[in-house]
Amino acid sequence: MLAIIQAAGWPIWLIIAASVATVTIIIERLLTLRKSQVLPHGTLVKVVQEYRSQGVTADSLTKLSASSPLGRVLAAGLKNVKSSREIMKESIEETGSAVAHELNRYLSTLGTLAAVTPLLGLFGTVIGMIEIFGSQSPTGGSNPAALAHGISVALYNTAFGIMVAVPALMFYRYFASKVDDFVVEMEQQAIKLVEIVHGERHH
């Protein structure tokens, strides 16, 4: 591996740095964007049962808000349970926007890395081409070692740039779609809560 990095020249270090950042973000988001973490099963049922048995207390709201992103959205609605349906929904929407923003954290960076790494590969290719032309002497001779190194720099950087960009783009799309699904489900559960509290639904 070290031999490949040496053959690829100094531009490869930019791509390696981008790859480390990409892997770090992917692992962090895989751990954070788990359904059990974002939308714990049975949260709405539990919230409704507690609301019907003991009403809304500051302690229960704090616990619910800290439990998960869904809990935060539902807690925002329950804080305004004595207000009108519209105010309750507005509060849920405001908190929902903040939660959606948090779920999308680092995704723009991942998208940027997916777009930038092929360009870093292209930059390395250009550096390699410059080395190739630099190895040509005015008298028509060439330095085979310099020529081979220039070709290595050009090809390795292109390959590494694409290798980093493809998974970065795939995971960016995957996470973005997952967040959208989470947000839609949170909205649906929050609407159910509003309707239950205002007596329009029974479960």
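In this text the structure is predicted, and so the values were computed from the model without any measurement.

Visitor: For this particular structure, what's the right way to read a nonpolar patch on the surface?
Guide: Where nonpolar side chains cluster on the molecular surface, the patch consists of Trp 10, Trp 13, Leu 14 and Phe 123 and spans about 450 Å² of accessible area. Of note, Phe 123 is situated in helix H8 (residues 107–134).

Visitor: Quick question: what am I supposed to make of the UniProt feature "transmembrane region" (unreviewed entry) in the chain here?
Guide: Residues annotated by UniProt as "transmembrane region" (unreviewed entry) correspond here to residues 12–31, 110–133 and 153–172. From the first C-alpha to the last, residues 12–31 spans 29 Å; its make-up is 100% helix and 0% strand. Between the C-alpha atoms that bound residues 153–172 the distance is 28 Å, and the span itself is 100% helix and 0% strand.

Visitor: Honestly, the side chain of Thr 95 in this entry has me stumped. Any pointers?
Guide: Here Thr 95 lies in helix H7 (residues 85–103). Once you skip the residues sitting within four places of it in the chain, Thr 95 turns out to touch Arg 72, Val 73 and Ala 76.

Visitor: Would you mind going over the side chain of Ser 91 with me for this structure?
Guide: In this structure, Ser 91 sits in helix H7. Given a relative accessible area of 16%, Ser 91 falls into the buried group.

Visitor: Teacher, can you tell me more about the layout of surface pockets here?
Guide: For the largest pocket, the calculated volume is near 300 Å³. Forming the boundary of the largest pocket are 18 residues, of which Lys 46, Val 47, Glu 50, Ser 60 and Leu 64 lie nearest the centre. If you list the elements that add at least two residues to the lining of the largest pocket, you get helix H4 (43–54) and helix H5 (58–67). Tallied by class, the residues present in the lining of the largest pocket amount to 7 nonpolar, 7 polar and 4 charged. Its volume calculated, the second largest pocket comes out at about 220 Å³.

Visitor: I would appreciate a short explanation of the environment of Phe 123 in the present structure.
Guide: According to the relative accessible area criterion, Phe 123 is partly exposed, its value standing at 34%. Separated by 52 residues in sequence, Phe 123 and Gly 71 have C-alpha atoms that sit 47 Å apart. Those residues within four positions of Phe 123 in sequence are excluded, and the remaining contacts are Trp 10, Pro 11 and Leu 14.

Visitor: What is the right way to read the confidence of the model for the chain from this model?
Guide: Regions with low pLDDT should not have their predicted coordinates read in detail. Looking at the chain, the pLDDT average stands at 88 and 94% of residues meet or exceed 70. Taken element by element, the chain is modelled with least confidence in helix H1 (residues 2–8), mean pLDDT 75, and with most confidence in helix H2 (residues 12–32), mean pLDDT 95.

Visitor: Which parts of the structure should I look at to understand the packing of helix H6 (residues 69–79) against helix H9 (residues 144–197)?
Guide: What describes two packed helices is the angle between their axes and the distance between those same axes. Contact geometry for H6 and H9: axes closest at 10 Å, N-to-C directions at 30 degrees. As judged from the angle between their axes, H6 and H9 are roughly parallel. Considering only the axes of H6 and H9, their crossing is right-handed. For the pair H6 and H9, the contacting residues are Pro 69, Leu 70, Val 73, Leu 74 and Leu 78 in the first and Met 186, Gln 189, Ala 190, Leu 193 and Val 197 in the second.

Visitor: Explanation requested: the pattern of salt bridges in the structure shown.
Guide: Where charged atoms from two side chains of opposite charge approach closely, those side chains can pair. Applying the stated rule across the entire model yields 5 salt bridges. A salt bridge links Lys 63 to Asp 59; the shortest N-O distance between them is 3.7 Å. Of this pair, Lys 63 and Asp 59 both sit in helix H5, 4 residues apart, which is roughly one turn of that helix. With its nearest N and O atoms 3.0 Å apart, the salt bridge here joins Glu 102 to Arg 72. Placement of the pair is Glu 102 in helix H7 and Arg 72 in helix H6, with a sequence separation of 30 residues.

Reading guide: rules and limits
Residues numbered from 1 in each chain as written. Predicted model: local features only at pLDDT ≥ 70, side-chain atom pairs only at ≥ 80, totals over all residues. Heavy atoms only, no water. Patch = residues over 30% accessible without salt bridge, like charges linked within 9 Å, V, L, I, M, F, W, Y side chains within 5 Å. Areas by Shrake-Rupley, 256 points an atom, 1.4 Å probe, with all protein chains shown as cover. Salt bridge = Lys/Arg side-chain N within 4 Å of Asp/Glu carboxyl O. Helix = DSSP H or I, 4+ residues; strand = E, 2+ residues; numbered from the N terminus. UniProt positions renumbered as here; feature names shortened; annotations may be inferred. Contact = heavy atoms within 4.5 Å. Buried < 20%, exposed > 50% of the residue type's maximum accessible area, 1.4 Å probe, protein only. 1 Å grid on protein atoms, 1.4 Å probe; cavity = no way out; pocket = protein on both sides within 12 Å on 5 of 7 lines; lining within 4 Å. Points joined across faces, edges and corners; volume = space filled by probe spheres on them. Nonpolar A, V, L, I, M, F, W, Y, C, P; charged D, E, K, R; others polar. pLDDT = per-residue confidence, 0-100. Axes fitted to C-alpha atoms, helices over the stretch in contact; angles between N-to-C directions. Parallel < 35°, antiparallel > 145°, perpendicular 65-115°, else oblique. Left-handed = near helix turned anticlockwise from the far one by under 90°.

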